[in-house]
Every structure is written in C-alpha cells, then in structure tokens.
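# Architecture and fold: a report
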Amino acid sequence: MPEIQEECGVFGVCGSGEDVARIAFFGLFSLQHRGQESAGIAVSDGEKIRMHRDMGLVTQVFQEEHLQKLRGHIAVAHTRYSTTGASILRNVQPMLCDCELGPIAVAHNGDLINAAQIRSEMRNSGIEFETTSDSEVILKLLAASCECNIEDAITDVMTKIKGAYAVLIMTQNKLIGIRDPFGIRPLCIGRLNSSHYVLASETCALNTVGAHFIREVEPGEMIILTPEGMEERQAIPTQGHALCIFEYVYFARPDSRMYGKSVHETRRRMGHELAREHPAPGAHMVFPIPNTGTPAAIGFAEASRIPYGEGVIKNHYIHRTFIQPDQRMRDLGVRMKLSPLKEALSGRRVVMIDDSIVRGTTIGQQIKMIREAGAAEVHVRISSPPYKHPCFYGIDTANQNELIAAKLSVEEIRQYIGADSLGYLSLNGLVRAIGVKKDKLCCACLDGKYPVEVPKQAKLSKFVFEEPASVK
C-alpha cells in the first residue's frame, strides 16, 4: 500500500429510456478506487439538470431515494480525491453552472498546470470563483466563452488550458468527453445495449454496467454523445502519447485494460522482471502487500520458483470513516489495515512485494510488524523504480523533499526501512513488462522528464533540490 494518493474517476452515460442515474451509480462504484473523499451524479432530462453530491464513499453518498429523484437521459458522475482544492463540500464534483449556453455540468480528472494564471486573469476581469478547485477554471472558461455552441466553446477552452485532463461536460442534451493532447489521464468509450454510449476513466466501469469497450479517447479528441448517437472530432492536435505509467503500477484496477494491455497481466510481468533483476535465493516464501502488490508477487513467485503465500491479511472494510481515530489508533494505523499471519511468517525468510515506496514511513512500519510476527529475514522487492520526482498532473504525491528516493540511495533506504535487502524494478524492466514504447508513457515521477512543460512557479512549490530536466 503506497503513500501515493488516488486521483479521480469520471463516468458518463447517454441513453434515452435508460435509468442513467443507476447506471452512473454502478459505474462510479467500480471507479471507487480512484478516490474516496466525495462523489456526485448530475442528470439531465432535456430541460433541467438535477444533481446530488456529498462527501464520502459512493455507497455513503447515494441511497435509493437519491437515485429516484435523478431522472433523465444523460448522466455524468465523479468520485474524487483532492489533488488541488480542499476536501470540502463546495469542491465536490460534478460542478454545475448556468450560462448563455444553458446549464453545464463538469466532471474532471487531472490537474491544470496553468490554472493559477487563468484564475488570476479571470478575477482581474471581474469573474468570481466559488471554489479552490482547478475544475472550476474549466467551468468558468466555458461559461465565459464567446462561441455560440458548446463544441466550439470546449475547443476554445482546450486551446487555453495546459496540463492533464480527462473531462466530461454535460449540457441539456449532450454528453461530451475530452482528453488532454498528451493523453496523460485515461478515458475510454463503451457501447451500451447496442445503441447507447458511455464514457469512463477505466474499462472496469464498462464491464460493471454491461457496456462493450469500443476504444480509448485519443489525445486532444472530443467525443460528442447525443440520443441520436456518437460524433468524433479532433478538437486540438495531438501533441504526443503520455499515459501516466502509474496507471499500470498502481492506479488502475487490475481488471482494466489500457493501450490494449491487461493491467493484471502487466503487473504479473513486472514480478517476472523483478525476479530476474533482483532474485532472492534461499527465501522460503513470496507474499504481497495487498492488493496492488498481489499480481507482481504472483509473477515474482512464478519466475523465481519460490512458493507464493499470504503473509498479511488486509482489512477490506478500512475505508473513509467519519469517526476520527485518537492518537493511539493513528499510531496503530498500519495494524488497522494489515494483520500478519504469524504461522506463515514465523522463522521464515520472506520476500515482501509492494508496488512503490514514496515517503518510506508506511513500509518501515510494515516490516517491523512482520519481524514482530516472527519472520527471520524480510527481503523487500518493489515493482517500480525509485519515485524521485513530484507529479504536477493530478497525482497527490509529496514535495520532492518528502520523497525518500530523492534524498537517499537504495542502500540508505534499505537501512531506513529496516529490510534485509531491497530491490527496485528498473525503468527499462517496467517498460518491458508493460509492452508499450516508453515514448507513449509519462514517466516524469521516475525520470524527471515532464511531457508538458511545468511553469517555474509550480516547480518552485514542489522542488527543493536541483530541478530535473523538462522536455516539451
């Protein structure tokens, strides 16, 4: 369980005669792993847009009575982890406004690296903002556009915003999906009941609602859904392909597919590569830190021929709660989530597989717990390279001075976390496991090469060491 926080999940459906709110609920439920702070659904009946949103998990926010009130033929939904903007109700999405184009609802995954500049310019021109979220910047730009139709207004906005975004925009009679010109954040299209369409962050959401995957939205593309069907339009030129590599490492659900690759199989191949690069001769058992470490642990066991087993059990009911723990419970936070299996660990040399190390505090507590359960040796293997550089594109990682790999060597990290040995998968090994050319992936958090140039002021907010190289 890494110390990287989730991003957001977006889902939309357009279909006359469908219970679109219920479909959106189940689509959103399948994207819960992408954010657990808040959730919302907005529905249009052709005249009005009605919305319900609140803080909490999808199942906490929505009850049957809420879905009954959301009647219409188009729905847009969002589940959030805040990367910009405080975790408060007014920042919950979808966001809604009335303008000359009519009512508009927006759901956004990603971060705009020029949001502060745009916000400042719009405030100077007299436009007020109600939230601290950069998603409102998109909404206010749409509302302020001089274009006479929503498609041209969206194109106009896409020429002004920079960064990572997968955005769903709903009007009274249209659902429109757009993706940034590098395709950093994921977005895909599915067909529902042969004549209706859905848009979702991941293919796992399509599976849940019974939709068939068509394809991924291309970088810079606009997908327009109406009751009459689907229109495809290249809104702005594609500038490259740079899907976030951590979708494969951690963010995406294992039953999703990206670039046509199974996420589960990709993670299993990461384990194969990891076993070749960092074998653990003499170990008795390989076990994962569940759940994202599980496929890589299976692959490591397969390639090394060390038996796979369970060393810890995860409490799957530890989610967002409105009951705050006291200090003693916070100190025992790792034990609230994971319980060691003493019979499996006692006296054994074990290989513990996790997907990443960010700050290094959580994994150190896990190793201590495993030793206390009786493990003779704890060898740690990580199915991604050292995480050295902050993200500016919608992932809530630490500033660089909080990233342990930016400050310490692998040997120093091993000593800090208390492992008997430590091995990271190389970037080349990770790319081989994914099976996609490196120039189609954003690896900025690993190699410091940012596909979208980051403004100097934004860099200063997160960098405290020598700034990594940027590439346009």
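Refer to the structure above for everything that follows.
Residues numbered from 1 in each chain as written. Predicted model: local features only at pLDDT ≥ 70, side-chain atom pairs only at ≥ 80, totals over all residues. Heavy atoms only, no water.

For the rest of this paragraph, the subject is the overall build of the protein. Looking only at helices and strands, one finds 19 helices and 23 strands in the protein. Radius of gyration (C-alpha) of the protein: 23 Å, near the 23 Å computed for a compact globule of 472 residues. The burial tally for the protein puts 58% of its 472 residues in the buried class. Considering only intrachain contacts with a sequence separation of at least 6, the fraction spanning at least 24 residues in the protein is 69%. Carbon and sulfur atoms provide 49% of the accessible area of the protein, an area that totals close to 19,000 Å². For the protein, the centre of its 53 positive side-chain charges and the centre of its 55 negative side-chain charges are spaced 5 Å apart. (Helix = DSSP H or I, 4+ residues; strand = E, 2+ residues; numbered from the N terminus. Rg over C-alpha atoms; globule rule 2.2 N^0.38 Å. Buried < 20%, exposed > 50% of the residue type's maximum accessible area, 1.4 Å probe, protein only. Contact = heavy atoms within 4.5 Å. Areas by Shrake-Rupley, 256 points an atom, 1.4 Å probe, with all protein chains shown as cover. Lys, Arg positive; Asp, Glu negative; His and termini not counted. Charge placed at Lys NZ, Arg CZ, Asp CG, Glu CD.)

Right, let's talk about the environment of A211 for a bit. Within the secondary structure, A211 is located in the loop between α7 (203–209) and β11 (212–216). In this structure A211 touches G190, R191, L192, V198 and L206, once residues within four positions along its chain are discounted.

The next subject is the packing of aromatic side chains. With the rule as written, the count across this model stands at 8 aromatic pairs. Between F25 and F26 the ring centres are 5.1 Å apart and the planes differ by 85°, which places this aromatic pair in the edge-to-face class. Residue F26 is classed as partly exposed on the basis of its relative accessible area, which comes to 40%. By way of ring pairs, the aromatic residues F25, F26, F29 and F62 are connected into one cluster. (Phe/Tyr/Trp six-rings, centres within 6.5 Å; stacked < 30°, edge-to-face > 60°.)

This next bit is on the pattern of salt bridges. Under the criterion given, the structure shown has 22 salt bridges. Here R215 makes a salt bridge to E221, at a shortest N to O gap of 2.7 Å. Here R268 makes a salt bridge to E265, at a shortest N to O gap of 2.6 Å. One end of the pair, R268, and the other, E265, are both in helix α9 (residues 263–277), 3 residues apart, so they sit about a helical turn from each other. For R268, a relative accessible area of 21% corresponds to the partly exposed category. For E265, a relative accessible area of 28% corresponds to the partly exposed category. By sharing partners, the salt bridges in this structure join D19, R22, E64 and R71 into a single network. (Salt bridge = Lys/Arg side-chain N within 4 Å of Asp/Glu carboxyl O.)

A word on the pairing of strand β5 (residues 95–99). By the alternation rule, side chains of β5 split into M95, C97 and C99, which are all buried, and L96 and D98, of which none is buried. With 5 bridges connecting them, β5 and strand β6 (residues 102–112) associate as antiparallel partners. Residue pairing across strands places D98 opposite P103, the latter belonging to β6. Between β5 and β6, which pair antiparallel and follow one another directly, the connecting turn spans 2 residues. (Pairing = 2+ DSSP bridges.)

Our next topic: the packing of helix α5 (residues 135–144) against helix α6 (residues 150–158). The N-to-C vectors of α5 and α6 enclose an angle of 125°; their axes lie 9 Å apart at closest approach. With respect to α6, the axis of α5 lies oblique. Pair α5 / α6 crosses with right-handed handedness. Contacts between α5 and α6 involve I138, L141 and L142 from the former and I150, A153, I154 and V157 from the latter. Classifying every residue of the contact of α5 with α6 by side-chain character gives 7 nonpolar, no polar and no charged. (Axes fitted to C-alpha atoms, helices over the stretch in contact; angles between N-to-C directions. Parallel < 35°, antiparallel > 145°, perpendicular 65-115°, else oblique. Left-handed = near helix turned anticlockwise from the far one by under 90°. Nonpolar A, V, L, I, M, F, W, Y, C, P; charged D, E, K, R; others polar.)

A few words now on empty space enclosed by the protein. Applying the stated criterion to the full structure yields 4 cavities of 30 Å³ or more. Here the largest cavity defines a volume of roughly 110 Å³. Around the largest cavity, the lining is made up of 17 residues, and of these C244, C391, I395, C442 and C445 lie nearest the centre. Considered class by class, the residues forming the lining of the largest cavity number 16 nonpolar, no polar and 1 charged. (1 Å grid on protein atoms, 1.4 Å probe; cavity = no way out; pocket = protein on both sides within 12 Å on 5 of 7 lines; lining within 4 Å. Points joined across faces, edges and corners; volume = space filled by probe spheres on them.)

Across the sheet, which stays open at both edges, the 7 strands sit in the order β3-β2-β4-β1-β10-β9-β11 with antiparallel pairing between neighbours. This sheet does not close on itself; its edge strands, each paired only once, are β3 (49–55) and β11. For this sheet, the mean inter-axis angle between neighbouring strands, taken without regard to orientation, is 15°. Where strand β2 (residues 38–44) and strand β4 (residues 74–80) come together, 7 bridges link them in antiparallel fashion. Directly across from V43, in β4, lies its bridge partner A75.

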